[in-house]
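Residues per chain are reported as follows:
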Amino acid sequence: MEKIKIAVAGNPNVGKSTLFNVITGTNQHVGNYPGVTVERKEGKIEFKGYELSITDLPGIYSMNAFSPEEVVSRNFIAQEKPDVIINIVDASNLEKNLYLTLQILEMKVPVVLFLNMTDKAEKRGYAIDVEKLSFEVETPVVKGIAREKKGINDLLDKCVEIFEKKPETANVPYSERVNKYISEIKSILLSENPELAKDWRAIRFIEGSDIDRNALSAPTLEKIDGVIKELVSFTGHKIHSMIMVQERYALIKNVVRKSSVAEKKMDDSISGKIDRIVLHPVFSMPVFLFTLFVLFQAVFMIGEPLEELFADFFDSLGGFIGSFWAEGSESIIRDLIVEGIIGGVGGVLVFAPYIFLVFIAISILEDTGYLARVAVIMDKWMSKIGLSGKSFMPMILGFGCTVPAVMGARIIENKFERLATIMVTPFMSCGARLPVYLLLISAFIPLKFQALTLLSIYLIGVAFAIILAKILRLTVFKGEENPLIIELPAYSKPSIRSIWILTWSRGKHFLEKAGTLILFASIVLWVLNTFPKADTDLFPGVTEQEAAMIQAEHSFSGRIGKGLEPAFEIMGGDWKIASAFLASLTAKELFISQISILFAMDADEAEEEEGSLLLQQKFKESYSLATAIAIILFILLAAPCIATFAAVKIETNSWFWPTVQYVGMTAIAYIAAIIGYLIFS
Amino acid sequence: MKSLVHMNPGDSGVIDLIDTGMRLYNRLASMGISDGTEIVVVLNKRNGPVVIDVDGNRFAVGRGMAEKIFFKEKKSGKDQNCCCG
């Protein structure tokens, strides 16, 4: 089947994702563009004997390569050369949208304009004559309403027609004098590298986007700068970017005037009224905190029973598969399948409900238009520590579970702010760390200080997050400050269909990527805990728990724990603590089960009240208050769990950042634990 | 000339000068904000971003940015029945 490569481009908030979802349905794939954390969405459908391969480019305002999204879009169009570009524009907002359209047309690629939300435009007393618009921009125009699936077939028909007939691309009629300079720069580029001799590249020089400067030799640049200087003195503009901006808006005004049928009316609709409360100097915070509270509650209240359900399922699956082996004939294979593989895969899947719920919550916030307001409300506070206003939400989610919090950081556009947020989010103490705190606090802290201690632990985590964010933004993530300018889209009712599609494809992406990594890690850990096998025959009459303890001590991880003992003696710990720490590097809650095995207790029992009291007793006998403080600090600050590692790997699209985070946090935790020990001993 | 940070909710004006680098200038232009654009100030609270209305579209502009956008003063919010703010 012949393939047609289509890209969908457009401003943010014009219904681009809706259009993409309507065309491709659930048949889509979410990934990342190489090297950047920009989401890449693709889908395939069959249409009239062709295979349409559709890429949803990120929402952008221009092709000036101001943001990673713009770089990705520009490179996609310039390098991957799609057969057709669907440029979706908001019919009620034509002037602003056509700016990007002109920049796409400058690239001399086949375009079809999709005039979306014509209903909304008409409501605002604004109508566009499609034929006149098409004539003015020399480009096919299709009108429709993506949300109601209107005009979609016409649009795809047009794409096929363009592919088959390959009509001439539009000519953007800038003024003669600017055209003269564009040609001049183009001929200079031609002499250097024919590949670069394109109208749009010449225009970027006039605009002052310095994207191509590195690719050129100094004499060529000098020549180009000479031409621009001439142009500037000719037009008398202070900023030479202004030349193209004015050219474009003059053209756009002309196009809009000639193709509009009715005049646009100003409307201060419901959005304005909602904003008066939502962005109110006093009420904005309570409204935001309340929304966040509801969101948080919903995610973790719905998520928890689902997580348990998943966990129970994998437990019984393990039990069921394990029962294939007759009593007494348990082999290594059985242990590998039941404990290594099913335990490992289960370990990923129990996170799935949270991931999906967080994606649903984010999609709702995005779709309703509230997310843009959140960025505005929190910007004043978060910018002080070098983060985005949008960083607040993922960080709060981190108090529940770090994995969805890291995934949630993708709402932050600025690359450096997003990376910094991802790096510090694990310091927000997640739910899995709580049992460890509770155990140690009840063992060592007098009742009246227990709540205060717990609160302090959380605050120490937050303090570390704040300090590290600030340091990171002042050093490695020093990217240029993106001055805040955010469009606040009109509030709208979220579409369940698009929320579901987006959630499903994002969630699937996580499970596929994280699944393999976590499976691998679980098998490695299983090996470390299982081998070498201790010969329990040497200890006749031991109980099952004692046998487990002997095995734990004998295994690789027990030996590593012993090897690490000197490192933990400095904080009053021993090899048991070292070994439990090692286990906690996979998942924090494993600290308790590992240490209870090492105290020859039943790991499951330790979670019950009686077992917990016994464990507290053992702790009090073996360790001091100062050691307990050191353990708490280590659990709070050390490397995140394996699932978080996988999430960070997926979200940063690199091995480097999760590794730096893993090692760096562990180093910080170790130092903090020693300091904590020294203060309290 | 008055910069955007010094405008009150309800004020409107025509942009006279955007005193910024080229990248930012292009960025604003692509969002429909450039010399000669008419804007209405919706919200301007101390320290917070300034919320403006440009041709029916709302934008939140950080204060650093707002300091660099200058207006020819036109009319104040008190003289007209402005619906915003």
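As the structure is a prediction and not an experimental result, all values here were calculated from the model. (Residues numbered from 1 in each chain as written. Chains lettered and ligands numbered in written order. Predicted model: local features only at pLDDT ≥ 70, side-chain atom pairs only at ≥ 80, totals over all residues.)

Moving on: the overall build of chain A. When its secondary structure is counted, chain A shows 29 helices and eight strands. With respect to the principal axes defined by its C-alpha atoms, chain A has extents near 95 × 55 × 55 Å. By residue count, 46% of the 681 residues in chain A fall in the buried class. Of the contacts made within chain A by residues no fewer than 6 positions apart, 72% connect residues no fewer than 24 positions apart. (Helix = DSSP H or I, 4+ residues; strand = E, 2+ residues; numbered from the N terminus. Buried ≥ 20, exposed ≤ 12 C-beta atoms within 10 Å, placed from the backbone. Contact = placed C-beta atoms within 7 Å.)

Residue and element names in this part refer to chain A. Taken in spatial order, the seven strands of this open sheet run β2-β3-β4-β1-β5-β6-β7, and their pairing is mixed. The open sheet has two edge strands, β2 (28–32) and β7 (141–143), and neither has a second partner. Averaged over all neighbouring strand pairs, the angle between strand axes comes to 25 degrees, with direction disregarded. Bridge count for strand β5 (residues 84–90) against strand β6 (residues 111–116) is six bridges, and the pairing is parallel. Within β6, the position partnered with Asp-90 by the bridge is Asn-116. (Pairing = 2+ DSSP bridges. Axes fitted to C-alpha atoms, helices over the stretch in contact; angles between N-to-C directions.)

It is worth spelling out the environment of A:Ala587 at this point. Residues and elements named next belong to chain A. Within the fold, Ala-587 resides in the loop between α24 (575–584) and α25 (590–598). Spatially, the C-alpha atoms of Ala-587 and Pro-640 are 7.6 Å apart, while their sequence positions differ by 53 residues. Beyond its immediate sequence surroundings of up to four residues, Ala-587 is in contact with Ala-432, Cys-641 and Ile-642.

In this section: helix α12 (residues 284–322) of chain A. Residue and element names in this part refer to chain A. With 39 residues, α12 extends 55 Å from end C-alpha to end C-alpha; this agrees with the ideal 57 Å at 1.5 Å per step. Within the span of α12, buried status applies to Ser-284, Phe-288, Val-299, Phe-300 and Gly-303. Contacts from the buried residues of α12 go to α11 (270–278), α14 (352–368) and α15 (370–382). (Expected span 1.5 Å × (residues − 1).)

With that settled, consider the interface of chain A and chain B. Interface size is commonly expressed as the accessible area that is lost once the parts come together. Counting residues at the interface gives 32 residues for chain A and 31 residues for chain B. Among the elements of the structure, α3 (94–106), α10 (241–259), α15 and β8 (485–488) of chain A are those that each provide at least two residues to the side of chain A that touches chain B. Broken down by class, the residue content of the side of chain A that touches chain B amounts to 17 nonpolar, seven polar and eight charged. Of the pairings in the sheet, the one linking β8(A) to strand β5 (residues 57–61) of chain B comprises four bridges and is antiparallel in character. When the bridges of β5(B) are listed, A:Glu487 appears paired with B:Phe59. (Nonpolar A, V, L, I, M, F, W, Y, C, P; charged D, E, K, R; others polar.)

Everything listed here is a matter of geometry and, on its own, says nothing about what the molecule does.
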